[in-house]
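Listed below, chain by chain, are the residues.
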Amino acid sequence: MSASEVGETTTKEMTFAEKQAERLKRLRSLHTARNEARTHNHQEVVAEEARNKLPANYEAKRRQAEWIMEDQKKREESAKEGKDYDRVKLLNISAVEAERLERKKKKKNPDQGFSTYEQATVRQYNRLVKNMPTADMELYEQQKQKYGDAFYGGPNVIIHGMHKDRREAVDKMVDDLEGQIAKRAKYSRRRTHNDDADIDYINERNAKFNKKLERFYGEHTAEIKQNLERGTAI
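Residues numbered from 1 in each chain as written. Predicted model: local features only at pLDDT ≥ 70, side-chain atom pairs only at ≥ 80, totals over all residues. Heavy atoms only, no water.

Novice: Help me get a handle on the overall build of the protein chain, residues and values and all.
Specialist: Scanning the protein chain from terminus to terminus reveals eight helices and zero strands. Beginning at the N terminus, the succession of helices and strands in the protein chain can be written as α-α-α-α-α-α-α-α. Of all intrachain contacts in the protein chain linking residues separated by at least 6 positions in sequence, the fraction that spans at least 24 positions is 30%. (Helix = DSSP H or I, 4+ residues; strand = E, 2+ residues; numbered from the N terminus. Contact = heavy atoms within 4.5 Å.)

Novice: Got a sec to walk through the pattern of salt bridges? Specific residues and values, please.
Specialist: As enumerated under the stated definition, the model contains six salt bridges in all. Among the salt bridges present, the one from D71 reaches R75, with a minimum N-O distance of 3.8 Å. You can see D71 and its partner R75 sitting in helix α2 (residues 58-80), four residues apart, about one turn around the helix. Among the residues examined, D71 registers a relative accessible area of 12% and is labelled buried. R75 gets classed as partly exposed once you look at its relative accessible area, which sits at 32%. Among the salt bridges present, the one from D171 reaches R167, with a minimum N-O distance of 3.7 Å. Of this pair, D171 and R167 both sit in helix α7 (residues 167-187), four residues apart, which is roughly one turn of that helix. Assessed through its relative accessible area of 34%, D171 is described here as partly exposed. The exposure class assigned to R167 is exposed, which follows from its relative accessible area of 61%. Here the salt bridges do not stand alone but share partners, grouping E59, R62 and E66 into one network. (Salt bridge = Lys/Arg side-chain N within 4 Å of Asp/Glu carboxyl O. Buried < 20%, exposed > 50% of the residue type's maximum accessible area, 1.4 Å probe, protein only.)

Novice: Give a description of a negative patch on the surface that names residues and reports values.
Specialist: Residues E70, E76, E77, D136 and E138 make up a contiguous surface patch of negative charge. Here the element with the most residues in the negative patch is α2; it accounts for three residues. In this structure, E70 sits in helix α2. (Patch = residues over 30% accessible without salt bridge, like charges linked within 9 Å, V, L, I, M, F, W, Y side chains within 5 Å. Areas by Shrake-Rupley, 256 points an atom, 1.4 Å probe, with all protein chains shown as cover. Lys, Arg positive; Asp, Glu negative; His and termini not counted. Charge placed at Lys NZ, Arg CZ, Asp CG, Glu CD.)

Novice: Account for the side chain of Q180, naming residues and giving values.
Specialist: Mapped onto the secondary structure, Q180 falls in helix α7. On the basis of relative accessibility, which here comes to 19%, the residue Q180 falls in the buried class. Excluding residues that lie within four positions of it along the chain, Q180 makes contacts with Q124 and L128.

Novice: Can you lay out the packing of α2 against helix α6 (residues 137-147) for me, pointing to particular residues and giving the numbers?
Specialist: At a minimum axis distance of 12 Å, the contact between α2 and α6 shows a crossing angle of 140°. Relative to α6, the element α2 is oriented oblique. Of the residues in α6, those touching α2 at M69, Q72 and E76 are M137, Y140 and E141. Of the residues in the contact of α2 with α6, the class split is three nonpolar, one polar and two charged. (Axes fitted to C-alpha atoms, helices over the stretch in contact; angles between N-to-C directions. Parallel < 35°, antiparallel > 145°, perpendicular 65-115°, else oblique. Nonpolar A, V, L, I, M, F, W, Y, C, P; charged D, E, K, R; others polar.)

Novice: A description of the side chain of S78 should follow, citing residues and the corresponding values.
Specialist: Checked against the element boundaries, S78 lands in helix α2. The contact partners of S78, leaving out residues within four places of it in the chain, are K83 and Y85.

Novice: An account of a nonpolar patch on the surface is requested, with residue identities and associated values reported.
Specialist: On the surface, a nonpolar cluster with roughly 430 Å² of combined accessible area is contributed by F209, L213, F216 and Y217. Tracing the sequence through the fold places F209 in helix α8 (residues 204-230).

Novice: Go over the confidence of the model for the protein chain, please, and point to the residues and values.
Specialist: Per-residue pLDDT for the protein chain averages 78, and the proportion of residues at 70 or more is 85%. Ranking the elements of the protein chain by mean pLDDT puts helix α4 (residues 95-107) last, at 76, and α8 first, at 86. (pLDDT = per-residue confidence, 0-100.)

Encoded structure:
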């Protein structure tokens, strides 16, 4: 075999080896891409399952919490600069929008009286939230970093024993409950007894029931009651 033939054979063998190396390189790249796709799909499945376990209004609550935190931060910055935050905020909106917000503020939380027990509970909740003190944002961020995912809780999160109640928070809760009890006592006081009123009850509960019947059916049963009292009922 001549020298030229040996060189051509060596060149062909090197070319085949390079092709093999290229194929192996592509194969490893495909394996890596497949593993990355598999990992990514698994992460998406876990994230979607976690989202499905969250409450239906979780996203709205989260956006509201973020807006409140941002608004509180801007309010504190304006207070440090000696500016009125409400006035500064009004400077960045149009007159039409400012008028709409003013009308909305006047219509907010109208006292419609008692309608249903559900609405009464909602009104009490909003009233209690409005009377809550300003949140300590530094403590909020510290607890958020400390508890991680357990900070917001959830159906599969055990938070019992993780949080420690502060003495100041307990005192605030006690003061609030005592205030509610004192306010409730004004509306549940015992009514003055009328000695001249007819006694048609056997106890206080029966007296309340009779008053309720009289309020709803008194005008329809007045004649029957008179006949029974006179003894002329048929």
